[in-house]
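# Per-entry structural report
Single-letter residue listing:
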Number of protein chains: 2
Amino acid sequence: MTRWGIVGTGKIAVAFTEALRVTEGSRLVAVGTRDIRNAARLTRLAPEVRVHCGYQALMRDPEVDAVYVATPHTEHRSASLLALEHGKPVLCEKPFAINHSEAADMVRAARERGVFLMEAMWTRFTPAMREVVRMVADGTIGQPRALVAELGWYSDPDPTHRLRNLELGGGALMDIGIYPVSLAHHLFGRPVGIAATSTRATTGADEQTGAVLTHEGGQLTSLMCSIQVDSPAHAVILGTGGRIEMDRWYNPTAFDLLLSDGSRIPHRFPHRGNGMEHEAEEVSRCLAAGRLESPLMPLDETLSIMETMDAIRSKIDLRFPADAIFAG
Amino acid sequence: MTRWGIVGTGKIAVAFTEALRVTEGSRLVAVGTRDIRNAARLTRLAPEVRVHCGYQALMRDPEVDAVYVATPHTEHRSASLLALEHGKPVLCEKPFAINHSEAADMVRAARERGVFLMEAMWTRFTPAMREVVRMVADGTIGQPRALVAELGWYSDPDPTHRLRNLELGGGALMDIGIYPVSLAHHLFGRPVGIAATSTRATTGADEQTGAVLTHEGGQLTSLMCSIQVDSPAHAVILGTGGRIEMDRWYNPTAFDLLLSDGSRIPHRFPHRGNGMEHEAEEVSRCLAAGRLESPLMPLDETLSIMETMDAIRSKIDLRFPADAIFAG
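Nothing here was measured: the structure is a model prediction, and the numbers come from that model.

Bringing the interface of chain A and chain B into the picture now. Each partner contributes residues to the interface: chain A has 34 residues there, and chain B has 34 residues. Taken together, the two surfaces of chain A and chain B that pack against each other cover about 2600 Å², and 71% of this comes from carbon and sulfur. On inspection of chain A and its partner chain B, the count reaches zero salt bridges. Linking chain A with chain B are five residue pairs in polar contact (both at pLDDT 80 or more). If you list the elements that add at least two residues to the side of chain A that touches chain B, you get β7 (144-152), β8 (191-200), β9 (206-215), β10 (220-226), β11 (235-239) and β12 (242-246) of chain A. The dominant element in the side of chain A that touches chain B, judged by the number of residues it contributes, is β9(A), at six residues. Here the residues of the side of chain A that touches chain B are counted per class, giving 14 nonpolar, 15 polar and five charged.

Okay, here's the thing in structure tokens:
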């Protein structure tokens, strides 16, 4: 049984709380918050959890076996380092950090202390996505050549909103673009070529970003993310012998395999919960096996993904105040 | 009645011949070829047509009211100029030319001589696409913000194949990428920002190209084309109040309108033929009205599209021998 503590009480913390209820071998025992009033939504869902004032108190809770970091992006590093210092295994929400430099600090701390750390790229752990990745690796669609993936959610255009606030690492790329970037790495490895451009909010945050990645094996990824529009979240993985089509691909419960002979074979993998249960179960599996990293989401890959995110930001000239700390 | 002559006897000439059989107010009367043996497939379909040896003879045929240029890309300019010199209205296959400079020659010749000229971007004239464009312009999906469109056809990887031959303007971008580039211009106008990258055949031709365009109104286009894989040809036009989803969007007979309230409204516009009948009818309409350009595919837009194609090629460093003629 993994007894969980959550750092933060926002929307994603509430979603993880819901997921834990249907997660095998997991139980939520505590939550850490800086403002007790923010915990109300979460504690209504899980009245039995201990609410700690401040993150430090949560880390000292001896009944917490693992910590889920659900703070805003800009606090992923500090919250994860705090947990690691206390010897708590960490599942850190995506994007893992603001930039590669922050991510490297976190990975270094985990490795130095010999404590488990994993990026909470939940989509990767779903049974549907695992089967997709297996099929692609096995040559089911012939030679995989390309990935086309889009993802967009309409969000409040208010310039003071978190998603448009550069102080909080706002914008489409960090919040949404991380999903297709991660999938591209998962399927084809790190990119060798990157092109990107974006449209911007008045605050400077990117409202829409498109990027094209080319990979060492000659594959190409075309991705687009938006905080201005709700999208169907279509993804298609294209091979010389067929293709895989997914809707709502970031949280897949189904996909269609299309073969060159024209056949379309639907595959269905219903969740028990909202989909986050699969990443929580991965953490339990790893802890039970004494692993310090997930073989499905290794830390070197997380670092490589952050490098790609930095490179895309460089192409679109998107800088965050948090970058400055590490500059020069 | 528009009496047509076709320059060239390849696959696209055969497709146009098929389309003319169901085109209102059109009839195929003649074809010009440099090698009479190549005309067999076309004349089996239309045994009554006159076969001229050489393009010049076709242009002199007094019964030909309009000429469809169906040669390889690299001969679009010379064949179109020849027709225009003979006062024949021209429908020129896409891509209109190898580069903007060639296209400008063609447009100049048409305007100087006062002869009709139009790019055969057939997808634009289909009833389904016309309705899509009307809806987007009318605000049916709120503020349009983005277009995501992919298109790929598996083709013979033989490096000597036309599609991989730089001498013939080969590669995915020129043959296939022109479709989403044209649609982006049609919906959002000329781009103000362009990013692109590609993967290459051993010949240097692009096998896959991804590009991102940003437009003056803040819209973003994410496009991808391939000659390595068969794709579903998904396109989605994303707005703040809904979206339009299309399959086989380059030859649309249907699309779905999705509104913010969750409703999905299918629209169906079956073709009479293979879809090319609509561009032929546009030519007849224009000629009957005494127009020298189509209001749906004006020459200035064709020129602007060629500029974008040149700019994407510059980003991916894709040069054709035919470019050199106009360099410096």
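This part is about the sheet that holds strand β14 (residues 264-268) of chain B. All names here are of chain B. Pairing in this open sheet of eight strands is mixed, and the strands run β8-β9-β10-β7-β11-β12-β13-β14 from one edge to the other. A strand with exactly one partner marks an edge of an open sheet, and here the two such strands are β8 (191-200) and β14. Across the sheet, the axes of successive neighbouring strands diverge by a mean angle of 10 degrees, strand direction being ignored. Of the strands in this sheet, β7 (144-152), β8, β9 (206-215), β10 (220-226) and β11 (235-239) are in contact with helix α7 (residues 172-188), which crosses β10 at around 160 degrees. Here helix α9 (residues 299-316) sits on the sheet in contact with β8 and β9, set at roughly 50 degrees to β8.

All names here are of chain B. As a packed pair, helix α4 (residues 76-85) and helix α5 (residues 100-113) sit with axes 10 Å apart at the nearest point and diverge in direction by 5 degrees. Put simply, α4 runs roughly parallel to α5. Of α5, the residues touching α4 (which contributes His-76, Arg-77, Ser-80, Leu-81, Leu-84 and Glu-85) are Glu-102, Asp-105, Met-106, Ala-109, Ala-110 and Arg-113. Of the residues belonging to the contact of α4 with α5, the class tally is five nonpolar, two polar and five charged.

This next bit is on the environment of Gly290(A). On the secondary structure map, Gly290(A) appears in the loop between α8 (277-288) and α9 (299-316). For the pair Gly290(A) and Phe116(A), spaced 174 residues apart in the sequence, the C-alpha separation amounts to 8.8 Å.

Quick look at the packing of aromatic side chains now. Geometry of an aromatic ring pair is reported as the spacing of the ring centres plus the angle between the planes. Going through the model one piece at a time under the given rule, you end up with 16 aromatic pairs over all chains. On the basis of an interplanar angle of 20 degrees and a centroid distance of 3.9 Å, the ring pair of Phe16(B) and Tyr68(B) is categorised as stacked. Remark: Tyr68(B) occurs in strand β4 (residues 66-69) and Phe16(B) occurs in helix α1 (residues 11-20); sequence separation between them is 52 residues. In this structure, Phe16(B) and Tyr68(B) share a single accessibility class: buried. Here a set of aromatic residues connected by ring pairs shows up, and it is made of Trp122(A), Trp153(A), Tyr179(A) and Tyr250(A).

With that out of the way, let us pick up the sheet that holds strand β4 (residues 66-69) of chain A. All names here are of chain A. Strands sit in the order β3-β2-β1-β4-β5-β6 across an open sheet of six strands; the sheet is parallel. Where the open sheet ends on each side, the last strands, each with one partner, are β3 (50-53) and β6 (117-120). Neighbour to neighbour, the strand axes of the sheet diverge by 25 degrees on average, direction disregarded. Inspection of the sheet shows strand β1 (residues 2-7) paired to β4 by four bridges, in the parallel sense. In the sheet register, Gly-5 faces β4, and the bridge partner there is Val-67. The sheet strands contacting helix α1 (residues 11-20) are β1, β2 (26-33), β4 and β5 (90-93), and the helix crosses β1 at an angle near 165 degrees.

What follows concerns the relation of the copies chain A and chain B. Between the two copies, chain A and chain B, the superposition gives an RMSD of 0.0 Å; the rotation angle is 180 degrees and the shift along the axis is 0.0 Å. Here the copies are linked by what is in effect a two-fold axis. Within chain A, the C-alpha atom positioned nearest to the axis of rotation is that of Ala195(A), 2.7 Å from it. Interface overlap between copies is the fraction of interface residues in one copy that are interface residues in the other; for chain A against chain B it reaches 100%, indicating a shared surface.

Attention now goes to the environment of Leu168(B). Residues and elements named next belong to chain B. Inspection of the secondary structure assignment puts Leu-168 in the loop between β7 and α7. Sequence separation of Leu-168 and Leu-151 is 17 residues, and the distance between their C-alpha atoms is 21 Å. The residues touching Leu-168, leaving out its near neighbours within four places in the chain, are His-73, Thr-74 and Arg-162.

Here the focus is empty space enclosed by the protein. For the structure shown, the criterion picks out three cavities of 30 Å³ or more. Approximately 80 Å³ is the volume found for the largest cavity. Forming the boundary of the largest cavity are Val148(A), Glu150(A), His234(A), Ala235(A), Val236(A), Val148(B), Glu150(B), His234(B), Ala235(B) and Val236(B). For the lining of the largest cavity, the secondary-structure elements that each account for two or more residues are β7 and β11 of chain A together with β7 and β11 of chain B. Partitioned by chemical class, the residues of the lining of the largest cavity number six nonpolar, two polar and two charged. Of the voids in this model, the second largest cavity is the one considered here, and its volume is about 40 Å³. As for the second largest cavity, its lining consists of Met121(B), Thr123(B), Arg124(B), Met129(B), Tyr179(B), Ser182(B), Leu183(B), His186(B) and Trp249(B). With four residues, the top contributor of residues to the lining of the second largest cavity is α7(B). Classifying every residue of the lining of the second largest cavity by side-chain character gives five nonpolar, three polar and one charged.

This brings us to the domain arrangement of chain A. Residues and elements named next belong to chain A. When the domains of chain A are assigned, the result is domain 1 (2-122 + 277-294) and domain 2 (127-270 + 305-324). Distance between the C-alpha centres of domain 1 and domain 2: 25 Å. Roughly 1600 Å² of surface becomes buried between domain 1 and domain 2 when both sides are summed, with 62% attributable to carbon and sulfur atoms. On the domain 1 side of the interface with domain 2, the three residues burying the most area are His-73, Ile-98 and Trp-122, jointly 32% of the side's total. For the pair domain 1 and domain 2, the interface holds zero salt bridges. Here domain 1 is connected to domain 2 by seven residue pairs in polar contact (both at pLDDT 80 or more). Elements with a contribution of two residues or more to the side of domain 1 that touches domain 2: α5 (100-113) and α8.

Below, the discussion takes up the UniProt feature "domain: GFO/IDH/MocA-like oxidoreductase" (unreviewed entry) in chain A. Within this numbering scheme, the UniProt entry marks residues 130-245 of chain A as carrying the feature "domain: GFO/IDH/MocA-like oxidoreductase" (unreviewed entry). In residues 130-245 of chain A, the share of helix is 22% and the share of strand is 39%. The end C-alpha atoms are 14 Å apart.

How each quantity is defined
- Residues numbered from 1 in each chain as written.
- Chains lettered and ligands numbered in written order.
- Predicted model: local features only at pLDDT ≥ 70, side-chain atom pairs only at ≥ 80, totals over all residues.
- Heavy atoms only, no water.
- Contact = heavy atoms within 4.5 Å.
- Buried area = accessible area lost by both parts, 1.4 Å probe.
- Salt bridge = Lys/Arg side-chain N within 4 Å of Asp/Glu carboxyl O.
- Polar contact = N/O pair within 3.5 Å; in protein donor to acceptor, adjacent residues only side chain to side chain.
- Helix = DSSP H or I, 4+ residues; strand = E, 2+ residues; numbered from the N terminus.
- Nonpolar A, V, L, I, M, F, W, Y, C, P; charged D, E, K, R; others polar.
- Pairing = 2+ DSSP bridges.
- Axes fitted to C-alpha atoms, helices over the stretch in contact; angles between N-to-C directions.
- Parallel < 35°, antiparallel > 145°, perpendicular 65-115°, else oblique.
- Phe/Tyr/Trp six-rings, centres within 6.5 Å; stacked < 30°, edge-to-face > 60°.
- Buried < 20%, exposed > 50% of the residue type's maximum accessible area, 1.4 Å probe, protein only.
- Least-squares fit on C-alpha atoms with pLDDT ≥ 70 in both.
- 1 Å grid on protein atoms, 1.4 Å probe; cavity = no way out; pocket = protein on both sides within 12 Å on 5 of 7 lines; lining within 4 Å.
- Points joined across faces, edges and corners; volume = space filled by probe spheres on them.
- Domains from an automatic or database assignment.
- UniProt positions renumbered as here; feature names shortened; annotations may be inferred.

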